[in-house]
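# Per-entry structural report
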Amino acid sequence: MFVYDLETLGVNETAVVLSIGCLYIDSPDPCTYRDLMKNSFFVKLDAKYQVENLGRQISKETVDWWGKQSKEARLRSYKPSSEDVKPEVALQMLRQFVFDHVGQSRDKCYTRGSMDVIVSEHLAKQVDMKLPWVYNDFRDIRTAVDILYPKSKNGYVEVDQTKCFGYTDDMMIAHDPVHDCARDAAMILFGKTE
């Protein structure tokens, strides 16, 4: 199973994509939080290029929201870097990551809601590419968590530290896409049942 997350500068399909994170999990066996993150993919995209060449948009409200996030999250996704890549390069890197793990076959991809899928599909179409998954490969994390764990709240459940060894909420960097993916994977696989 894949877990996929974007960081953006808006909440509509034309939003600038700041970064993409993805994890591949091939076993439901207990592990550490760090082990979940070992099999991950991260890429940061060139925001200026997207605005100037693709007409992608920036929301003032989202920029203000980024100003309230942790320094670590802002450094990882929000702050421009000389290593930021064009969208087609990022999408090709993502396709290669997925292909390296499942070859020609596809595996389900879990995302938190539909926004990341909608934004990703729009961006991919703009650069004449396809995502490594098709529409019916996507699954919603919130729904999975709510079905699996009756005591969940709005798609969140406490992680069982006896199955995700040493996990604490303090370990995760919210709005770092790889951390967001790892936390979501930990909730799906190792949520507390009591």
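Provided above is the structure to which this section pertains.
Below you will find a few notes about this structure. This structure is a prediction, so every number in the text was calculated from the model and none was measured. (Residues numbered from 1 in each chain as written. Predicted model: local features only at pLDDT ≥ 70, side-chain atom pairs only at ≥ 80, totals over all residues. Heavy atoms only, no water.)

## Overview of the overall build of the protein
Helix and strand counts for the protein stand at 8 helices and 7 strands. On C-alpha atoms alone, the protein measures out to a radius of gyration of 16 Å, which is about the 16 Å that the 2.2 N^0.38 rule sets for 194 residues. On the principal axes, the C-alpha backbone points of the protein span a range of 50 × 40 × 25 Å. Considering only residue pairs separated by 6 or more positions, the protein has 77% of its internal contacts joining residues 24 or more positions apart. (Helix = DSSP H or I, 4+ residues; strand = E, 2+ residues; numbered from the N terminus. Rg over C-alpha atoms; globule rule 2.2 N^0.38 Å. Contact = heavy atoms within 4.5 Å.)

## Things to note about the nonpolar core
Soluble globular proteins tend to pack their nonpolar side chains together in the buried interior. Counting 29 residues, the largest nonpolar core has Phe 2, Tyr 4, Ile 20, Cys 22, Leu 94 and Trp 133 as its most contacted members. At the level of secondary structure, the elements contributing two or more residues to this core comprise strand S1 (2-8), strand S2 (17-24), strand S4 (40-44), helix H2 (47-54), helix H5 (87-102) and helix H6 (115-126). Ranked by the residues each element gives to this core, the list is headed by H5, at 6 residues. With residues near it in sequence (within four places) discarded, Trp 133 still touches Phe 2, Tyr 4, Cys 22, Leu 94, Val 98, Arg 106, Asp 107, Cys 109 and Phe 138. Ile 25, Tyr 33, Val 159 and Val 178 belong to the second-largest nonpolar core, a separate cluster that totals 26 residues. (Core = buried A, V, L, I, M, F, W, Y, C linked by side-chain atoms within 4.5 Å. Buried < 20%, exposed > 50% of the residue type's maximum accessible area, 1.4 Å probe, protein only.)

## A look at the side chain of Thr 111
Mapped onto the fold, Thr 111 is located in strand S5 (residues 109-111). Setting aside chain neighbours within four positions, we find Thr 111 in contact with Tyr 4, Val 117, Phe 138, Arg 139, Asp 140 and Ile 141.

## Regarding the pairing of S1
In the case of a regular strand, side chains alternate between the two sheet surfaces. Counting buried residues in S1 gives 7 out of 7 residues, a clear majority hidden from the surface. Alignment of S1 against S2, held across 7 bridges, turns out to be antiparallel. Among the inter-strand pairings, Phe 2 is bridged to a residue of S2, identified as Tyr 24. As judged from the 2 bridges shared by S1 and S5, these two strands associate in the parallel manner. Residue pairing in the sheet places Phe 2 in a bridge with Cys 109 of S5. (Pairing = 2+ DSSP bridges.)

## Remarks on the layout of surface pockets
Of the volumes computed, that of the largest pocket is approximately 480 Å³. Along its surface, the largest pocket is lined by 21 residues, and Asp 5, Leu 6, Glu 7, His 175 and Asp 180 are the ones closest to its centre. Sorting the residues of the lining of the largest pocket by element identifies S1, helix H3 (60-66), H6 and helix H8 (177-190) as the ones contributing at least two each. Here the lining of the largest pocket is built from residues that sort into 9 nonpolar, 4 polar and 8 charged. Size it by volume and the second largest pocket reaches roughly 370 Å³. What lines the second largest pocket is a set of 20 residues, among which Arg 95, Arg 106, Leu 131, Pro 132 and Trp 133 lie closest to the centre. Residue assignment for the lining of the second largest pocket shows that the elements contributing at least two residues are H5 and H6. (1 Å grid on protein atoms, 1.4 Å probe; cavity = no way out; pocket = protein on both sides within 12 Å on 5 of 7 lines; lining within 4 Å. Points joined across faces, edges and corners; volume = space filled by probe spheres on them. Nonpolar A, V, L, I, M, F, W, Y, C, P; charged D, E, K, R; others polar.)

That is the geometry; function is a separate question.
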